[in-house]
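# Remarks on the overall topology
What follows is each chain in one-letter form.
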Amino acid sequence: MEEKGSKQWNFGANKALERSSKDGLREVLHILRSSLDPSESRPVIALGHGDPSSFPSFRIDEATENAVAKALLSAKFNSYSYTSGIPIARKAVAEYISRDLSYKVSPEEVHVVAGCKQGIEVLISVLARPGANILLPRPGFSAYGSRASFSQLEVRYFNLLPDKGWEVDLDAVKALADDKTAAMLIINPCNPCGNVLSRQHLRKIAETARELRIMVIADEVYERFVFGSEAFVSMAEYAEIAPVIKLGGLSKGWFLPGWRLGWIVTFDPHHILKQSGFVRSLNNYLNMTTDAVTFIQGAIPEILGKEDRFYMKLELIRECGEICYEEMKKIPCLNCPSKPQGSMFLMVRLKLWLLEDIRDDLDFCCKLAKEESLIILPGRAVGLKNWLRITFAVEVQSLRDAISRLKSFVHRHSLK
Ligand SMILES: *Cc1c(COP(=O)(O)O)cnc(C)c1O
């Protein structure tokens, strides 16, 4: 009989999962956390990821928690969901989204998913026909790129323009697209840039998409986070020009990322998505994948239906954005091209030539974590090397402490 250990097992690492990860957001955060100095007595300040839900100032209203408790205790929501969500949840999302639009969305156009990230997985998977490609913004949210590369959907990156308020480089979009391009993505308000796109620019994006015969995916998960002079307008306002798919959810706007509830909404007034077969494929994919938790869906009408006290939290975020921007301007080796108007992030450029012993953005952030117990995301995790992305949605005092740690770090490492 052949000896057991002599033959290799028939499974192993999956190559498709090896290449997609290294600069991913979670991977980079892991590297930074392992750079922390365990003997440091100061608490870690984490400005690397965007999740203020654990801070007392951002705790959700009790009424929202009660809505879920009520849904759970009613025993009406213990069953499987339906594909695309239970009817009351789809209706509530449709009504919520229609409030700020110049027309009404129907519940059939709403697909409830387990967070916006599942929405990304679903859309990318459906778009990944052999040979197809997608246009993604740089900088951007890394989940799109990593999912696309796993699904073998070719990614082509267009730049956002820091000196034009992070607008889309539409000439680059036109140059990149061909007849295999299925979609372009915008994230508005923007993670990681903190800008909000103007009406005029959104219209130009729609016109470009129409010219190229592509759909626009609009990640609007930060639509409630708007605190500057530019009002938020949904891409859906321009669906007459080119089809739009909107992504949103509770994670950011309600500070509830752990509840895993998001939505995909199709805006297709000319039935282009429908006639192309895309909607059928979307439904087929949704039949195959998992659904959002039913009792969270059961609470959606109450969560979205009532006025919460979000504006108080928004005011706090605005204040933090202002402090962060003003303080960054005072640090010689950093350059912040524009004041944040939305989301909870800003991007700052690193002037490496003013620093003594710092190789690049990752080196900067690793040393910062080690020496100051401060975590800031290196720009590479959002596609822009030698920049930093700073999350400012934290308690004001933590933000002030973080800024003073950053200043002493920079002072120590500046060329003398
Ligand atoms: C956080 C985030 C998501 C993911 O949202 P979840 O609902 O937590 O899955 C998607 N897009 C952007 C731009 C985000 O910042």
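Residues numbered from 1 in each chain as written. Predicted model: local features only at pLDDT ≥ 70, side-chain atom pairs only at ≥ 80, totals over all residues. Heavy atoms only, no water.

### A word on the state of the cysteines
Taken as a whole and assessed by the stated rule, the structure comprises zero disulfides. The closest cysteine sulfur to the non-disulfide-bonded Cys190 is located on Cys193, 3.8 Å from its own sulfur. Left unpaired, Cys366 is separated from the closest cysteine sulfur, that of Cys365, by 7.2 Å. On the basis of relative accessibility, which here comes to 17%, the residue Cys366 falls in the buried class. (Disulfide = S-S within 2.5 Å. Buried < 20%, exposed > 50% of the residue type's maximum accessible area, 1.4 Å probe, protein only.)

### So, helix H8 (residues 199-212)
Helix length check: H8 (14 residues) gives 20 Å between terminal C-alpha atoms against 20 Å at 1.5 Å per residue, within 8%. Those residues of H8 that fall on the buried side of the exposure criterion are His201, Leu202, Ile205, Ala206, Thr208, Ala209 and Leu212. Within H8, the buried residues cover an arc of 160 degrees as seen down the axis, which keeps them to one side. For H8, exposure combined with an orientation more than 90 degrees from the buried face picks out Gln200 and Glu211. Arg213 lies just past H8 and shows a positive phi near 60 degrees. (Helix = DSSP H or I, 4+ residues; strand = E, 2+ residues; numbered from the N terminus. Expected span 1.5 Å × (residues − 1). Arc of directions from axis to C-beta.)

### Quick word on the packing of aromatic side chains
Between two aromatic rings, the relevant description is the distance of the centres plus the angle of the planes. Overall, the coordinates contain 15 aromatic pairs when judged by the stated rule. Ring centres 5.1 Å apart and planes at 80 degrees place the aromatic pair Phe364 and Phe409 in the edge-to-face group. One end of the pair, Phe364, is in helix H14 (residues 361-372); the other, Phe409, is in helix H15 (residues 396-413), with 45 residues separating them in the sequence. A relative accessible area of 0% means that Phe409 is categorised as buried. Grouped by ring-pair contacts, the aromatic residues Phe58, Tyr222, Phe225, Phe255, Phe310 and Phe345 constitute a single cluster. (Phe/Tyr/Trp six-rings, centres within 6.5 Å; stacked < 30°, edge-to-face > 60°.)

### Observations concerning the nonpolar core
Met328 and Phe364 are the most contacted members of the largest nonpolar core, which totals 149 residues. The dominant element in this core, judged by the number of residues it contributes, is helix H13 (residues 310-329), at nine residues. Of the domains in this structure, domain 1 (16-58 + 309-413) and domain 2 (62-304) are the two that each give at least three residues to this core. Contacts of Met328, omitting those with residues within four sequence positions, involve Leu334, Cys336, Leu346, Val348, Ile390, Ile403 and Leu406. (Core = buried A, V, L, I, M, F, W, Y, C linked by side-chain atoms within 4.5 Å. Domains from an automatic or database assignment. Contact = heavy atoms within 4.5 Å.)

### A few points about the environment of Ser338
Tracing the sequence through the fold places Ser338 in the loop between strand S10 (334-335) and strand S11 (345-350). C-alpha separation for the pair Ser338 and Gln275, spaced 63 residues apart in sequence, amounts to 42 Å. With sequence-adjacent residues up to four places away left out, Ser338 is seen in contact with Trp166 and Tyr325.

Bear in mind that shape data such as this cannot, by itself, settle questions of function.
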